[in-house]
Amino acid sequence: MTTNATSALPTYMTAKGFCLTSGFWMMVATFMGLLGATELIAPDLTENIGWLVFGRVRPIHVNLVLFGFVTPGLLSSAFYYVPRLLRTELYSEKLGVITVLAWNFALVTVVVSLAMGYSQGREYAEMIWPIDMLIVLAFTLVFINLIMTVAQRKEPILYVSVWYVCAGIVLTAVTFSLGNVIWKPNSGSLVGIPDAILLWFYGHNVFGLLLTPLSAGVAYYVIPRACRAPLYSHTLSLFGFWSLLVVYTHIGTHHLLQVPVPTWLKVISIVDSVAMVIPVMAFLINIWYTAKGKLGEIHADIGAKFVFTGTIMYFFVSIQGSMMALPDVQRVTHFNNWVVAHAHVGVLGFAGMISLGGLYYILPRITGKPLYSRFLADFQYWLILIGVIGFTVVLTIVGLIQGNAWLNGETVYRILPEMHVYYVTRASIGLIIFSSAILGLYNILRSIFFNPGEIS
Amino acid sequence: MYFPYFITYMAVGFVISLVVFLWAIKNGQFKDQKRARFLPLEDELEPSVAKVSTFKRYEVYTLLFLALAGLAASGAVLVFSLLNANI
Ligand code: HEM
């Protein structure tokens, strides 16, 4: 690991870089979300401003949340805990810094190209080919650094967090390439239904094989440490890991149950969506039993508090997801804001919370100073919690209104007035989340650069 | 035609997973699980910053309420959808 010439202590440059990346892009991403939500209640707001129309703002928001805010936050923790769990040093801090720079460069190109209207029009795979390649490169660099760290480890046993993060990175690099059809640079897509199948196979894996394993990795590290208790069962955690690989890898077609895709694919996706309860509960039982009787410790550590709340959200989003994969339920919930509610519980409530939790847990450890402001972090926690619950309630109601209306053959425009008030509430909640992101970035910046706290 | 892509992906995924799994068995990754539980703790632990057990009651109740409300809402929509499904 790159060391400080004077102290020979790790510099944690990579972890710090990813912390800053996550904090900054969370702010931009949530602003884009807020802008999009505002456009839904005031469609003329950005009239004649081509690069800010909803169709461009939405993919910028979604991709920045996934690849700008949540993933870098989870990676910042990974770059801290992987070397520690393996009792070694990070393979190359220099490579890590290059990765951070490449990652941010890719994000800038994502924003600029999407705003300019360069889009392949496939959800989560909007980016054009050169940017796809940049993203694959960034993931490859992360993987090289982590796998080489594993190779030089002094601890023979790989703790479950290491399994999760390495698998998450490899699987994402592969499924990202496949889902973006990188062998067809011009279109970035196949044709017709096969394209939809491939796209959703990848799209689901963004949550299942990137955000979920990386979040699980952070939770498995932070919770035992914060509780000062060993993990309830490492065997159970490995069982959860391998069953996740078996079950999660091919349930993407549950996004296409209303589409004429082959029935066998739908059946596999539905059965495995329900079977997801196995890896989910293996993870949750393990974490919750580890924390049993230790909620005081969790509450005392702001990072652990975020992480633990994320695990509760994981319970909800997964149970809800398994139900949403049932065709009868999906007749009501598909193609409306119900899914958007689910998406926010998953990405913000579960993965986003754990990402922030990991970040706040490691910040004092990588800077050697206490967090700049525990109060601000706590405040941000409550803003996000209220925001996620608010989104869930409001969007679920709108979803049910839409779902029922369409099921009953109602014309779309006739229910728009009914939805308006909820959309206004939703935009206000967006403002809460955006404000929380500003507080978060300020706290991260002060903790890293202008921290008056005593060096510990 | 998407089958070739799928079959290739599944085959590659399966082979990689199998190789890694077999490596894990051979390498003793599934042994010594008792010690593995303690791996995160073996690092030096900082002194407790916690005024432990001050987990404020109202926070527990709020979280519990949110959890139950979420569960109830999910249950209700399941029942609702099934009752309304035109099977
Ligand atoms: C057991 C676990 C889960 C299952 C079975 C599941 C199931 C589903 C299903 C069936 C849909 C499609 C709904 C529709 O279009 O009608 C969906 C959408 C979605 N899920 Fe999940 N989910 C699970 C966990 C998660 C997690 C953990 C996350 C986030 C980290 C997540 C994020 C999303 C997002 C963002 C969408 C929206 C996709 C879109 O249409 O753009 N899900 N999920």
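Everything discussed here concerns the structure shown above.
Computed from a predicted structure; not experimentally measured.

(A) A look at the interface of chain B and chain A. Taken together, the 55 residues of chain B in the interface contact 60 residues of chain A. Our count for the contact surface shared by chain B and chain A stands at one salt bridge. In this structure, Glu-155 of chain A and Arg-35 of chain B form a salt bridge, with 2.7 Å as the shortest nitrogen-oxygen distance. Taken together, the elements giving at least two residues each to the side of chain B that touches chain A come down to helix 1 (3-26), helix 2 (33-36), helix 3 (39-42) and helix 4 (57-84) of chain B. Here the element with the most residues in the side of chain B that touches chain A is helix 4 of chain B; it accounts for 13 residues. Taken together, the residues of the side of chain B that touches chain A sort by class into 31 nonpolar, 13 polar and 11 charged.

(B) Representation of the site of the ligand. Residue and element names in this part refer to chain A. The ligand sits among 25 residues. The nearest are Glu-123, Tyr-124, Phe-207, His-334 and His-342. The contact in question runs from an oxygen atom of the ligand to an N or O atom on the side chain of Glu-123, over 2.7 Å. Looking at the shell around the ligand, the elements with two or more residues in it are helix 6 (193-227), helix 11 (302-324) and helix 13 (337-367). Considered class by class, the residues forming the shell around the ligand number 13 nonpolar, 11 polar and one charged.

(C) Fine view of the side chain of Asn-443 of chain A. Inspection of the secondary structure assignment puts Asn-443 of chain A in helix 15 (residues 416-448). Setting aside residues no more than four positions away along its own chain, Asn-443 of chain A makes contact with Tyr-360, Leu-371, Tyr-372, Ser-373, Leu-376 and Ala-377 of chain A.

What counts and what doesn't
- Residues numbered from 1 in each chain as written.
- Chains lettered and ligands numbered in written order.
- Predicted model: local features only at pLDDT ≥ 70, side-chain atom pairs only at ≥ 80, totals over all residues.
- Heavy atoms only, no water.
- Contact = heavy atoms within 4.5 Å.
- Salt bridge = Lys/Arg side-chain N within 4 Å of Asp/Glu carboxyl O.
- Helix = DSSP H or I, 4+ residues; strand = E, 2+ residues; numbered from the N terminus.
- Nonpolar A, V, L, I, M, F, W, Y, C, P; charged D, E, K, R; others polar.
- Near = heavy atom within 4 Å.
- Polar contact = N/O pair within 3.5 Å; in protein donor to acceptor, adjacent residues only side chain to side chain.

These figures capture arrangement, not role.
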